[in-house]
Amino acid sequence: MRCGDGTSNWWRVYGLGEIGSLEGNVYEGWERVDEVPEDARLVRYGLDFGFSNDETALVAVYELENGGIFLEELVYQKGILGSKYPEILKSHNIDPSVLIVADSARPEIIAEIAEAGYMIIAANKDAGSVKRGIDRVKDRKIKYIGKNLEREFLTYAWRKKRSTDEILDVPQDGNDHLMDAVRYAVDDLERKMPEYAGIRG
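Residues numbered from 1 in each chain as written. Predicted model: local features only at pLDDT ≥ 70, side-chain atom pairs only at ≥ 80, totals over all residues. Heavy atoms only, no water.

1. A short note on the packing of helix 5 (residues 147-155) against helix 6 (residues 177-188)
The contact between helix 5 and helix 6 brings their axes to 8 Å, and the two run at 90°. The angle between the axes of helix 5 and helix 6 places the two elements in the roughly perpendicular class. Between helix 5 and helix 6, the contacting residues are N148, L149, E152 and F153 on the first element and H177, L178, M179 and V182 on the second. For the contact of helix 5 with helix 6, the residue count by class is 5 nonpolar, 2 polar and 1 charged. (Axes fitted to C-alpha atoms, helices over the stretch in contact; angles between N-to-C directions. Helix = DSSP H or I, 4+ residues; strand = E, 2+ residues; numbered from the N terminus. Parallel < 35°, antiparallel > 145°, perpendicular 65-115°, else oblique. Contact = heavy atoms within 4.5 Å. Nonpolar A, V, L, I, M, F, W, Y, C, P; charged D, E, K, R; others polar.)

2. With respect to the sheet that holds strand 6 (residues 120-122)
If you trace the 7 strands from one edge of the open sheet to the other, you get 1-7-4-3-2-5-6, paired in mixed fashion. Either end of the sheet is taken by a strand with one partner, and the two such strands are strand 1 (31-32) and strand 6. By the bridge criterion, 3 bridges tie strand 2 (residues 41-48) to strand 5 (residues 100-102) in an arrangement that is parallel. Bridging from a neighbouring strand, G46 pairs with V101 of strand 5. Against the sheet, helix 3 (residues 107-115) engages strand 2, strand 5 and strand 6, with an angle of about 165° to strand 6. Lying on the sheet, helix 6 is in contact with strand 2, strand 3 (56-63), strand 4 (69-77), strand 5 and strand 6; it crosses strand 2 at an angle near 130°. (Pairing = 2+ DSSP bridges.)

3. Things to note about the packing of helix 4 (residues 129-138) against helix 6
The relative placement of two packed helices comes down to the angle between their axes together with the axis-to-axis distance. It is at 8 Å that the axes of helix 4 and helix 6 come closest, and there the two elements cross at 80°. Taken together, the axes of helix 4 and helix 6 lie roughly perpendicular to each other. Touching S129, V130, R132, G133, I134, R136 and V137 of helix 4 are V182, R183, V186 and D187, all from helix 6.

4. Description of the confidence of the model for the protein chain
Of the residues in the protein chain, 77% have a pLDDT of 70 or more, and the chain-wide mean is 85. Across residues 1-6, confidence stays below pLDDT 50; counting only partners more than four residues off in sequence or on other chains, it has 13 contacts. Every residue in residues 17-21 scores below 50 in pLDDT, and together they form 9 contacts with partners more than four places removed in sequence or on other chains. (pLDDT = per-residue confidence, 0-100.)

5. Looking at the pattern of salt bridges
If you walk through the whole model with that rule in mind, you get 12 salt bridges. Across the pair E63 and R140 runs a salt bridge whose closest N-O atoms are separated by 3.1 Å. Taken together, the residues span a long stretch of sequence, with E63 in strand 3 and R140 in the loop between helix 4 and strand 7 (142-145) at a distance of 77 residues. Note that K84 and E87 form a salt bridge whose closest N and O atoms lie 3.9 Å from each other. A single salt-bridge network, built from bridges that share partners, covers D126, R132, R136 and D187. (Salt bridge = Lys/Arg side-chain N within 4 Å of Asp/Glu carboxyl O.)

See the structure below:
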């Protein structure tokens, strides 16, 4: 493994017990905690759809009194059928009054979830939305809980040009399902809830 890539960073942390270098990684400085902070206020859920090859990822996003964000991993699972999402959300006690910001690639699943009484919209995936969302996450001090969330955070890296190793302004694909869910939700925090009136199923 090359010592500058996300995989070797993960190995140094988990395999060797060292503090991994985050050079080339998208995020740094997140703080792992063991429970939801007392001052946390639930403001969004982020949902990224998967199925056979990729995990479905669901994360709860809380705002803290100091302006920071707390992230809680809720679901990281393959093979969820569209019709099963309401059942999955119910089993995780998802608050139907809190907005879910979901991957826009599966409008039929969004419709299933809305029909079940949850407040849900498709994430904004306009031009520049990935970089904008990442920047908005980076603007916040992050605390988190969840082993897959931690693994993705430690391995989520920028792409590099193969010929020069130049770091590009685009994240690598693959190990990013919770990272996408986080980005959808945090990016949406800039919009105001009154805009969502009447979006329930």
